[in-house]
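Descriptive structure summary
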Amino acid sequence: MTDGSAPHPATSTGDGHPPTRTGRRRTPTRARRRLAAAGLAALAAVVAVTLAVRGGAAPACAAPPRAALPLAVVPARAALPLAAPPAGGVTHTGKATFYDSKGAGGNCSRPAAPANRLYVALGPSEYAAGASCGGFLDVTGPRGTVRVLVMDQCPECAPGHLDLSAEAFARIADPVQGVVQVRYRAVVDPPLPGPLTFRLKEGASQWWFAVLVGDHGNPLRSVDVRQNGSWRAAAREDYNYWLIPSGAGPGPYTIRVTDVSGHRATATGIRMLPGQVQRSTTRMYGGGAATTARTAKPSRSPSSPRPTPTPTPSRPASPPPPTSPSATPLPASPSPLTPLREAAAPTCT
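Summarised in this report is the structure supplied together with it. (Residues numbered from 1 in each chain as written. Predicted model: local features only at pLDDT ≥ 70, side-chain atom pairs only at ≥ 80, totals over all residues. Heavy atoms only, no water.)

**Quick look at the overall build of the protein**
Each helix and strand in the protein was counted, giving 3 helices and 16 strands. When burial is assessed residue by residue, the protein has 36% of its 349 residues classed as buried. At a minimum sequence separation of 6, the contacts of the protein that also span at least 24 residues come to 70%. For the protein, the accessible area works out to roughly 20500 Å², and carbon and sulfur atoms hold 58% of it. (Helix = DSSP H or I, 4+ residues; strand = E, 2+ residues; numbered from the N terminus. Buried < 20%, exposed > 50% of the residue type's maximum accessible area, 1.4 Å probe, protein only. Contact = heavy atoms within 4.5 Å. Areas by Shrake-Rupley, 256 points an atom, 1.4 Å probe, with all protein chains shown as cover.)

This is the structure in structure tokens:
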């Protein structure tokens, strides 16, 4: 050795095993076997736990399955108001605010607001997906009574909340008040301004039929179009057009209109003139009402947009009416549904 120290001699173990360096003894074979067996047992335990976890076995501290709740304690869905136009001959109570449509015809898709600017927007339950469009309400407030045309929807209005035009509100109350208590009722068979009018929607064609009916007085119940000797029912959209998605042919059309009071009138000669208001010679009821009519005379609507190039235009979104700055906002109504509380997961200690 270079450091001058002598090497350690080999040491005998005395048990028949070869000597080890520096006096260290090798582990006996029997002890090594015992250690190997213990290692295999530990490895088997680890593998068993892993398989149990992967197999979805529940831990020892998992809570037992929860018993099903009795039906009596499960919150029931709160009853929602039935969507329907205000019933004729029934007096309702509520409140009124006001707004300005800026001359637009509202959610009922009129070409424009009525010339006298006396109209109302109803909440969703009374607007009833367009079923109230074209009807009239008599509204009574502190100053008197005004008759208004149902022309628009007020998305945030609860049942009984009428959003009147500014002109109509001024007839029944001081606008400074902003919100007043009112009574109102639907008008049955109001005087008609003239014969029925028809306006085919922009984009209408022989393959996609959509018509807006005007000057019918009472809300409408159904619209049918005669095609190939039989009547085809049109479906009302919530923006007040009556649709036959597969079309009703090239026209001219014979259209039968029925209102909620049971009046029925049929107009003929309605032509495929999208975007134009066509006035027939048939009144919905009263003097001049008939089951047939001469060819309708079209008149271009002053606010008609350009025809839509596609035969099936998408349904327009329902714009919320402007809110008067002087109107008092209504508090948000609570949700009719009571959510179930989620149970907390058990904690293992």
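Okay, back to it.
**Section: the nonpolar core**
The biggest cluster of nonpolar side chains holds 29 residues, and the ones touching the most others in it are Phe 198, Phe 209, Val 213, Tyr 253, Ile 255 and Val 257. When residues of this core are traced back to their parent elements, those giving at least two are β7 (197–200), β8 (209–214), β9 (220–227), β12 (242–244), β13 (253–259) and β14 (264–270). Ignoring any residue separated from it by four or fewer positions in sequence, one finds Ile 255 in contact with Phe 198, Phe 209, Val 211, Val 223, Asp 224, Val 225, Trp 231, Ala 265, Thr 266, Ala 267 and Ile 270. By size, the runner-up hydrophobic cluster in this structure holds 23 residues, among which are Ala 96, Tyr 127, Leu 162 and Ala 173. (Core = buried A, V, L, I, M, F, W, Y, C linked by side-chain atoms within 4.5 Å.)

**Quick word on the pairing of strand β10 (residues 230–233)**
Within a regular strand, the side chains alternate between the two sheet faces. The sheet contact formed by β9 and β10 spans 4 bridges and is antiparallel. In the sheet register, Asp 224 faces β10, and the bridge partner there is Ala 233. If you look at the hairpin formed by β9 and β10, you'll find 2 residues sitting between the two strands, and Asn 228 has a positive phi there, around 55°. (Pairing = 2+ DSSP bridges.)

**Considering the sheet that holds β9**
Pairing within the open sheet is antiparallel, and its 4 strands lie in the order β10-β9-β13-β14. With partners counted over all chains shown, the strands left at the sheet margins are β10 and β14, one partner each. Averaged over all neighbouring strand pairs, the angle between strand axes comes to 30°, with direction disregarded. (Axes fitted to C-alpha atoms, helices over the stretch in contact; angles between N-to-C directions.)

**A look at the pattern of salt bridges**
According to the stated counting rule, one finds 6 salt bridges in the structure shown. Residue Asp 100 pairs with Arg 117 through a salt bridge whose shortest N-O separation is 2.7 Å. Highlighted residues: Asp 100 in the loop between β1 (92–99) and β2 (119–122) and Arg 117 in the loop between β1 and β2, separated in sequence by 17 residues. Its salt-bridge partner being Asp 215, residue Arg 279 comes within 3.3 Å of it at the nearest N-O pair. (Salt bridge = Lys/Arg side-chain N within 4 Å of Asp/Glu carboxyl O.)

**A short note on the side chain of Asp 259**
Position of Asp 259 among the secondary structure elements: in strand β13. With no salt bridge to any partner, buried Asp 259 finds its closest opposite charge in Arg 221, at an N-O distance of 6.7 Å. Within the structure, the side chain of Asp 259 is placed 3.0 Å from the backbone nitrogen of Ser 261, a separation counted as a polar contact. Apart from the residues within four sequence positions on either side, Asp 259 is in contact with Asn 218, Pro 219, Leu 220, Arg 221, Met 284 and Tyr 285. (Lys, Arg positive; Asp, Glu negative; His and termini not counted. Polar contact = N/O pair within 3.5 Å; in protein donor to acceptor, adjacent residues only side chain to side chain.)

**As for the sheet that holds strand β5 (residues 161–165)**
One closed barrel holds the 6 strands; their spatial order is β1-β5-β2-β4-β3-β6, and the pairing between them is mixed. In this sheet, adjacent strand axes meet at a mean angle of 45° when their direction is disregarded.

**Overview of the state of the cysteines**
Applying the stated criterion across every chain, the model contains 2 disulfides. A sulfur-sulfur distance of 2.0 Å marks the disulfide that ties Cys 108 to Cys 133. Because the torsion about its S-S bond is -85°, the bridge between Cys 108 and Cys 133 counts as left-handed. Taken as a pair, Cys 108 in the loop between β1 and β2 and Cys 133 in the loop between α2 (124–127) and β3 (136–141) lie far apart in primary sequence, 25 residues in all. For the pair formed by Cys 108 and Cys 133, the shared burial category is buried. (Disulfide = S-S within 2.5 Å.)

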